[in-house]
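Topology and contacts: notes
Okay, here's what each chain looks like letter by letter:
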Amino acid sequence: QRKHNNMLASVLLLLLLLQIKHLLVDWCWQPPYEWQNKGTYGHLGGVRHAAKNAVGTALCFVPFVGIGMVITVMFLDFLVHYHVDWAKMNINRAKGWGPTTHEQFWMLTGLDQFLHQVAYIFLVWYSLAG
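Residues numbered from 1 in each chain as written. Predicted model: local features only at pLDDT ≥ 70, side-chain atom pairs only at ≥ 80, totals over all residues. Heavy atoms only, no water.

**A look at the overall build of the chain**
Counting its secondary structure elements, the chain contains 5 helices and 0 strands. When the helices and strands of the chain are read in sequence order from the N terminus, they spell out α-α-α-α-α. Across its three principal directions, the C-alpha atoms of the chain cover 55 × 30 × 25 Å. When burial is assessed residue by residue, the chain has 35% of its 130 residues classed as buried. Considering only residue pairs separated by 6 or more positions, the chain has 69% of its internal contacts joining residues 24 or more positions apart. (Helix = DSSP H or I, 4+ residues; strand = E, 2+ residues; numbered from the N terminus. Buried < 20%, exposed > 50% of the residue type's maximum accessible area, 1.4 Å probe, protein only. Contact = heavy atoms within 4.5 Å.)

The following block contains the structure:
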């Protein structure tokens, strides 16, 4: 029972840390250079944004898993975050959706955020399941 409670506490704390990291990196610390360029594949703005998220994710995992797993979750987070953001930006551009013109823009933004959260749940499960 104690081991189960400790694992549950670790999972919840790790998810909380990822939420804080996501708020800071995806919303508070994302300059225009990053969000304006996430739709151009390979552009440094999008790469930098995904890299900041990946490093933040890695830092969240450091107290819970070994260095090999930290590197793995950092790499996976980078790939997922980069491609989710890239796809969102390109769908908005193709459809002509913007924050003041289409409710679909906000639905897609919500889907983008949902996919980031699902990725965090997967990373926690993947890293701690063993």
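**Focus on the environment of L14**
Among the secondary structure elements, L14 is positioned in helix α1 (residues 2-28). Given the relative accessible area of 0%, L14 is considered buried. Taking the C-alpha atoms as reference points, L14 and C28, 14 residues apart in sequence, are found 20 Å from one another. In this view, L14 contacts C60, F61, F64, V124 and L128; residues no more than four positions away in its chain are not counted.

**A look at α1**
Here α1 spans 37 Å end to end across 27 residues, near enough to the 39 Å set by a 1.5 Å rise per residue. Where α1 is concerned, the buried positions are L14, L18, K21, H22, V25 and D26. For α1, the elements touching its buried residues are α3 (44-61), α4 (67-95) and α5 (103-128). (Expected span 1.5 Å × (residues − 1).)

**Description of the packing of aromatic side chains**
Under the defined criterion, the tally for this structure stands at 6 aromatic pairs. For the pair Y41 and W86, a centre-to-centre distance of 5.4 Å together with 85° between the ring planes defines the contact as edge-to-face. With Y41 in the loop between α2 (32-35) and α3 and W86 in helix α4, this pair connects stretches of sequence that are 45 residues apart. An angle of 40° between the planes, with centres 5.7 Å apart, marks the rings of F122 and W125 as tilted. Taken together, the positions of F122 and W125, both in helix α5 and 3 residues apart, correspond to about one turn of that helix. On the basis of relative accessible area, F122 is assigned to the partly exposed category, the value being 40%. Connected via pairs of aromatic rings, a cluster forms that spans Y41, F78, Y82 and W86. (Phe/Tyr/Trp six-rings, centres within 6.5 Å; stacked < 30°, edge-to-face > 60°.)

**Topic: the side chain of D26**
Locating D26 in the fold gives a position in helix α1. One buried charged residue, D26, remains without a salt bridge, the closest side chain of opposite sign being K38 at 5.3 Å. A distance of 2.9 Å separates polar atoms of two side chains, one belonging to D26 and the other to H81. Once you skip the residues sitting within four places of it in the chain, D26 turns out to touch K21, H49, N53, H81, D85, Q113 and H116. (Lys, Arg positive; Asp, Glu negative; His and termini not counted. Salt bridge = Lys/Arg side-chain N within 4 Å of Asp/Glu carboxyl O. Polar contact = N/O pair within 3.5 Å; in protein donor to acceptor, adjacent residues only side chain to side chain.)

By themselves, these observations are geometric and do not establish any function.
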